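Below are the chains, spelled out letter by letter.
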Amino acid sequence: MKILVVDDELDMQTLFEQRFRREIRSHEMDFAFAHSGEEALSFLKTHVHEAVLILSDINMPGMSGLELLKEIKGNFHEPPPVVMMITAYGDPENYNQAIKLGADDFLTKPIDFTVLKDKLKSIH
Amino acid sequence: MSAAALISIILIIYLHKTLKDSPDAPPWVRYLRFAWIPLMILSFTFESMKVRSIFDFIWIGLMLFLLSFILKRREFSNSRSLLVAVLPLAILSFITAFLNVWNFEIIEKINSYIEIAYPFAFIWLGAYLIIYRKQKKTLAKERQKLEEEERLNKVIAARKDELENLVTERTAEITKQKEELQNTLVELTATQGQLIHSEKMASLGELTAGIAHEIQNPLNFVNNFSDVNTELIAEMEEAIRQGNIEEVKAIANDIRDNNSKITHHGKRADAIVKGMLQHSRTSTGQKEPTDINALADEYLRLAYHGLRAKDKSFNTSYETHLDPQLPKINVIPQDFGRVILNLFNNAFYAVAERKKKEATGYKPNVILTTRRIRDQIEIVVADNGGGIPHNILDKIFQPFFTTKPTGQGTGLGLSLSYDIVTKGHGGNLRVETQEGEGTKFIISIPLRQNAQTQA
Ligand SMILES: Nc1ncnc2c1ncn2[C@@H]1O[C@H](COP(=O)(O)OP(=O)(O)OP(=O)(O)O)[C@@H](O)[C@H]1O
Ligand SMILES: [Mg+2]
């Protein structure tokens, strides 16, 4: 399964690669990284046919995670990819908006990777 | 009528006229007003009598008395000429009186000469009286003139006093006003200090949310990477047990990498806390060689996340074009940080406002650029917000000028920034703007006077 991680923090990539080293090595999971909403959209355009799960930060400069979510859920083929939102601000406002826009799940930073791993595996 | 009688009458009239208004005149002077009437009658009565010569002496006596009286009084000091006028007649009457006592032959002869002298004496008297009157008139005129002058002088002196009083009064007033103004100035300076302080605190308040976010992120990394390392160490032990040296080496490499990430993010959080402390402390006023790229970048993030945290709907992209070759320059970091923060806050505010008005198709963006241009460095904060209207462009650097809704902006941001850049650092802060296009604020700091040029 291809998982696209969208976060403006560059070290998020290293962290995911370390945390999921076993899954990556066993090709159980395949990660791609984008550092902005715009980058994520262009990635999705070129990888239309791959089964994709998206993990996106909300708070990014430029296109925010919520805008990205809206784009994905509105414009992409059926069935739309699964989108999980991750945010540093665990406030109800962000949560409600994410759910309204069709987010499949909602996590707060700091990411609990054990929980995340379980969730990803259950989708798998 | 004898000459002595005539002179006496003239003198009495004159005496009365001159002395009637004098305060220290003897009381009998008052009775002299009509004295000439009985004297006239007496004189004519004596004339018809045979004993005339004896009465002549009475007249002469009266005349002498009057003359001596007039000579003594100071009121007549300027009318001695009157005496000269009557003198010939007086002498003649004297001689006549004496001659009348002795009835000799020759005396008859002398008498006839004297008779001839009389008219001349009268003419003398008349002429003198006329001259005297004229003199008196001129004198009176002159006195009047003098009096007028004196009066004028008095008026002038009074005026002068008045003016002097006025001047003293005004001076006192002005001194009082000056003191009041000085007090006001002291108060204003104190108020200004408070305002500058509260402006700093307000911008610190805006920062706190950004700071919280900016600290949370590196801390998350620190926690996550150290968790990973714990896992990796367990895996490494497993690999050692299996004797898989290659795997052990790979894991050790990862642990080292992660550790440097932990250090990196730890330092990042540290720098933010230090920066925040620095911002809240009163400026030391000490210039230190500063990495402007790092400073500007940090404040850009703080400003951005601060606004984000306050207003969830706010979002904008930002870019940095930092010249890696930029030399360190000597600045007061707290003050310079404030300037940059103010410019970022303004830029983010401008793009956010524009976005509220233009719902779709508008992509807010803020660009931070640093560069070296010959002997100065430039820090440019550019936004694609609404721009600054022409008619307020010359006001934006004035203290308290703000277009923000009341209560939202102090209007001190740019004026403080301008002072810090120009007075504090010998630099320049200028603005380029185009309505509907955006705004650029350009800070330039000369390198030369800065003395610190190595990178
Ligand atoms: N980047 C910008 N784009 C458009 N207008 C600006 C920009 N920067 C400043 N201005 C104008 O200049 C005014 C003065 O700015 P200044 O920073 O001194 O005060 P303020 O931002 O209004 O208040 P405060 O800084 O206290 O929040 C602003 O109110 C705004 O009208
Ligand atoms: Mg401002």
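Residues numbered from 1 in each chain as written. Chains lettered and ligands numbered in written order. Predicted model: local features only at pLDDT ≥ 70, side-chain atom pairs only at ≥ 80, totals over all residues. Heavy atoms only, no water.

A closer look at the overall build of chain A
Stage number 1. Each helix and strand counted, chain A has six helices and five strands in total.
Stage number 2. Here chain A, with 124 residues, has 52% of them falling under the buried criterion.
Stage number 3. Here the analysis covers contacts within chain A between residues at least 6 apart in sequence; of these, 67% occur between residues at least 24 apart.
Stage number 4. Surface summary for chain A: the accessible area is close to 5700 Å², and the carbon and sulfur share equals 52%. (Helix = DSSP H or I, 4+ residues; strand = E, 2+ residues; numbered from the N terminus. Buried < 20%, exposed > 50% of the residue type's maximum accessible area, 1.4 Å probe, protein only. Contact = heavy atoms within 4.5 Å. Areas by Shrake-Rupley, 256 points an atom, 1.4 Å probe, with all protein chains shown as cover.)

Some details on the packing of aromatic side chains
Stage number 1. One pass over the full model with this rule turns up 16 aromatic pairs over all chains.
Stage number 2. On the basis of an interplanar angle of 75° and a centroid distance of 5.3 Å, the ring pair of F16 of chain A and F113 of chain A is categorised as edge-to-face. Of this pair, F16 of chain A sits in helix 1 (residues 11-19) while F113 of chain A sits in helix 6 (residues 113-123), and the two are 97 residues apart along the sequence. Per residue, the accessibility class of F16 of chain A equals that of F113 of chain A, and both read buried.
Stage number 3. When the ring of Y118 of chain B is compared with that of F122 of chain B, the centres are 6.4 Å apart and the planes differ by 35°; the resulting orientation is tilted. Note that Y118 of chain B and F122 of chain B are positioned in helix 5 (residues 105-242) at a spacing of four residues, about one turn of the helix.
Stage number 4. Using a relative accessible area of 35% as the deciding quantity, one classes F122 of chain B as partly exposed.
Stage number 5. The structure contains a cluster of three or more aromatic residues connected by ring pairs, namely F16, F20, F31, F33 and F113 of chain A.
Stage number 6. The lysine or arginine in question, K117 of chain A, covers the ring of F20 of chain A, its NZ or CZ lying 5.5 Å from the ring centre. (Phe/Tyr/Trp six-rings, centres within 6.5 Å; stacked < 30°, edge-to-face > 60°. Lys NZ or Arg CZ within 6 Å of the ring centre and 35° of its normal.)

A few points about the side chain of D11 of chain A
Stage number 1. Along the chain, D11 of chain A falls in helix 1.
Stage number 2. For D11 of chain A, the contacting residues outside a window of four places in its chain are F221, F225, K261, H264 and H265 of chain B.

Concerning the packing of helix 1 of chain A against helix 6 of chain A
Residue and element names in this part refer to chain A.
Stage number 1. Packing of helix 1 against helix 6 leaves a shortest axis separation of 12 Å and a crossing angle of 70°. With respect to helix 6, the axis of helix 1 lies roughly perpendicular. Handedness of the helix 1/helix 6 crossing: right-handed. On helix 6, the residues touching L15, F16 and R19 of helix 1 are F113, L116 and K117. (Axes fitted to C-alpha atoms, helices over the stretch in contact; angles between N-to-C directions. Parallel < 35°, antiparallel > 145°, perpendicular 65-115°, else oblique. Left-handed = near helix turned anticlockwise from the far one by under 90°.)

Observations concerning the packing of helix 3 (residues 37-46) of chain A against helix 4 (residues 65-75) of chain A
Residue and element names in this part refer to chain A.
Stage number 1. Contact geometry of helix 3 with helix 4 gives a least axis separation of 9 Å together with a crossing angle of 20°. In terms of axis orientation, helix 3 runs roughly parallel to helix 4. The hand of the helix 3/helix 4 crossing is right-handed. Here G37, A40, L41 and L44 of helix 3 lie close against helix 4, whose contacting residues are L68, E71 and I72.

Here's the deal with the pairing of strand 5 (residues 105-108) of chain A
All names here are of chain A.
Stage number 1. Examined bridge by bridge, strand 4 (residues 82-87) and strand 5 share four bridges and lie parallel to one another. For I86, the partnering residue across the bridge sits in strand 5 and is L107.
Stage number 2. At this point the chain moves from strand 4, through helix 5 (residues 92-100), to the parallel strand 5, and the crossover so formed is right-handed. (Pairing = 2+ DSSP bridges. Right-handed = clockwise from strand over helix to strand, strands pointing away.)

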